[in-house]
Amino acid sequence: LVHGFGFASVLKEIQIPDAVFVPSLLSFNIGVEVGQLAVIAVALPLLYALSRFTWQKYAITAGSIAVGSAGFIWFMQRIFF
């Protein structure tokens, strides 16, 4: 939903015709959700495999920091650039 609002504002800026606005927005949101499911489908078995090791806590923490840092950088880029 948040992605959809952001994409909707871009579609308005480029003055996309009203006839294709809703289908474009809907297909974008479906694509985002499918992408998220694909990432989960890969990450879940990987995290399960990591759960067997004693160093899992460190690996998950490092991965979380990496993902959070990337998200923060992209957020800042969207705001300031």
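S.K.: How do you make sense of the overall build of the protein chain when you look at a structure like this?
M.R.: Helices and strands together make up the secondary structure of the protein chain, namely 3 helices and 0 strands. Counted from the first residue to the last, the protein chain has its helices and strands arranged as α-α-α. Computed over C-alpha atoms, the radius of gyration of the protein chain comes to 18 Å, more than 25% over the 12 Å expected from 2.2 N^0.38 for 81 residues, which places it beyond the range of a compact globule. Expressed as lengths along the three principal axes of its C-alpha atoms, the size of the protein chain is roughly 55 × 30 × 15 Å. Residues classed as buried in the protein chain amount to 9% of the 81 residues present.

S.K.: Is there a simple way to explain the confidence of the model for the protein chain in this structure?
M.R.: Residues shown with low pLDDT carry predicted positions that ought not to be read at fine detail. In the predicted model, the protein chain carries a mean pLDDT of 84, and the fraction of residues at 70 or more is 94%. Between the elements of the protein chain, mean pLDDT differs from a low of 72, seen in helix H1 (residues 2-13), to a high of 90, seen in helix H3 (residues 56-80).

S.K.: I tried to follow unusual backbone geometry on my own but got confused; where do I start?
M.R.: Negative phi characterises most residues that are not glycine, and trans characterises most peptide bonds. With phi around 55 degrees, Gln15 is a residue other than glycine that occupies positive phi space. Within the secondary structure, Gln15 is located in the loop between H1 and helix H2 (18-50).

S.K.: Sorry, what's going on with H2 here?
M.R.: Residues spaced three or four apart along an α-helix face the same direction, because each turn holds 3.6 residues. Taking 1.5 Å of rise per residue, the 33 residues of H2 would be expected to cover 48 Å, and the 48 Å separating its terminal C-alpha atoms lies within 8% of that figure. If you check which residues of H2 are buried, you get Phe21, Leu25, Val32 and Leu50.

S.K.: Please clarify how a nonpolar patch on the surface should be interpreted in this entry.
M.R.: On the surface, Phe72, Ile73, Trp74, Phe75, Ile79, Phe80 and Phe81 cluster together into a nonpolar patch covering about 920 Å² of accessible area. Position of Trp74 among the secondary structure elements: in helix H3.

S.K.: Help me understand the environment of Glu33, please; the structure alone is not making it clear to me.
M.R.: Tracing the backbone through its elements, the reader meets Glu33 in helix H2. With 46 residues separating them in the primary sequence, Glu33 and Ile79 have C-alpha atoms 24 Å apart.

What counts, and where the lines are drawn
Residues numbered from 1 in each chain as written. Predicted model: local features only at pLDDT ≥ 70, side-chain atom pairs only at ≥ 80, totals over all residues. Heavy atoms only, no water. Helix = DSSP H or I, 4+ residues; strand = E, 2+ residues; numbered from the N terminus. Rg over C-alpha atoms; globule rule 2.2 N^0.38 Å. Buried < 20%, exposed > 50% of the residue type's maximum accessible area, 1.4 Å probe, protein only. pLDDT = per-residue confidence, 0-100. Expected span 1.5 Å × (residues − 1). Patch = residues over 30% accessible without salt bridge, like charges linked within 9 Å, V, L, I, M, F, W, Y side chains within 5 Å. Areas by Shrake-Rupley, 256 points an atom, 1.4 Å probe, with all protein chains shown as cover. Salt bridge = Lys/Arg side-chain N within 4 Å of Asp/Glu carboxyl O.

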